[in-house]
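Now for the letters of each chain:
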Amino acid sequence: MNPLDLIALIFIPVMIIFAAAGIVFLGSLPGKIARKRQHPWPDAVNAASWIGLATGVLWPFAFVWAFLPVPVSQGQPDAETASDATGLQEKVDALEAELAQLKALDQDEESEETA
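Residues numbered from 1 in each chain as written. Predicted model: local features only at pLDDT ≥ 70, side-chain atom pairs only at ≥ 80, totals over all residues. Heavy atoms only, no water.

1. Things to note about the overall build of the chain
Part 1 of the reasoning: Along the chain, the regular secondary structure elements total four helices and zero strands.
Part 2 of the reasoning: When the helices and strands of the chain are listed from N to C terminus, the series reads α-α-α-α.
Part 3 of the reasoning: Taking all 115 residues of the chain together, 13% fall into the buried category.
Part 4 of the reasoning: A separation threshold of at least 6 residues defines the contact pool for the chain, and within that pool the share at least 24 residues apart is 46%. (Helix = DSSP H or I, 4+ residues; strand = E, 2+ residues; numbered from the N terminus. Buried < 20%, exposed > 50% of the residue type's maximum accessible area, 1.4 Å probe, protein only. Contact = heavy atoms within 4.5 Å.)

2. Examining the confidence of the model for the chain
Part 1 of the reasoning: The share of residues in the chain with pLDDT of 70 or more is 90%, and the mean pLDDT across the chain is 87.
Part 2 of the reasoning: Model confidence for the chain, summarised as mean pLDDT per element, is weakest for helix α4 (residues 79-114) at 83 and strongest for helix α1 (residues 3-36) at 94. (pLDDT = per-residue confidence, 0-100.)

3. Thoughts on the pattern of salt bridges
Part 1 of the reasoning: In this structure the tally under the stated criterion is one salt bridge.
Part 2 of the reasoning: A salt bridge links D43 to R35; the shortest N-O distance between them is 2.8 Å.
Part 3 of the reasoning: Residue class for R35 comes out partly exposed when judged on its relative accessible area of 43%. (Salt bridge = Lys/Arg side-chain N within 4 Å of Asp/Glu carboxyl O.)

4. Here we look at the side chain of S49
Part 1 of the reasoning: Within the secondary structure, S49 is located in helix α2 (residues 42-55).
Part 2 of the reasoning: Here the side chain of S49 touches W59 through a polar contact of 3.4 Å, side chain to side chain.
Part 3 of the reasoning: Those residues in contact with S49, other than ones at most four positions away along the chain, are L26, G27, S28, P30, W59 and A62. (Polar contact = N/O pair within 3.5 Å; in protein donor to acceptor, adjacent residues only side chain to side chain.)

5. Describing unusual backbone geometry
Part 1 of the reasoning: For Q38, which is not a glycine, the phi torsion comes out positive at approximately 55°.
Part 2 of the reasoning: Among the structural elements, Q38 can be located in the loop between α1 and α2.
Part 3 of the reasoning: The class for Q38 is exposed, based on a relative accessible area of 63%.

6. Examining the packing of aromatic side chains
Part 1 of the reasoning: All told, the structure shown has two aromatic pairs when counted by the stated rule.
Part 2 of the reasoning: Note on F63 and F67: the rings are 5.3 Å apart at their centroids and 70° apart in plane angle, and the pair reads as edge-to-face. Here F63 and its partner F67 are both found in helix α3 (residues 59-67), four residues apart, which amounts to about one turn of the helix.
Part 3 of the reasoning: Clustering of aromatic rings is evident, with ring pairs tying together W59, F63 and F67. (Phe/Tyr/Trp six-rings, centres within 6.5 Å; stacked < 30°, edge-to-face > 60°.)

Next up, the structure:
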């Protein structure tokens, strides 16, 4: 047996193992991403990923689907939204107070002009 034949006998199975590992990695990647991002349907993303890998069509859609933002359930605002609402309410209160002061000054000026 030629030394090149021995190298080929080692190289070909190693490449087959690497190809199989790459396929498993790509097939499970969108599902893992969806679980990590707490996607509402990680199993559906995972199934679409494996089916897409076999057909070559759905895998890119499953990959994008795994990264879509997770919707916040209605009635339960997240902490950032609550702090934004508090800050906006403080600004509205300050503007209303300033408006009341301006109205009072305007009324004082009108009463002085009529007198």
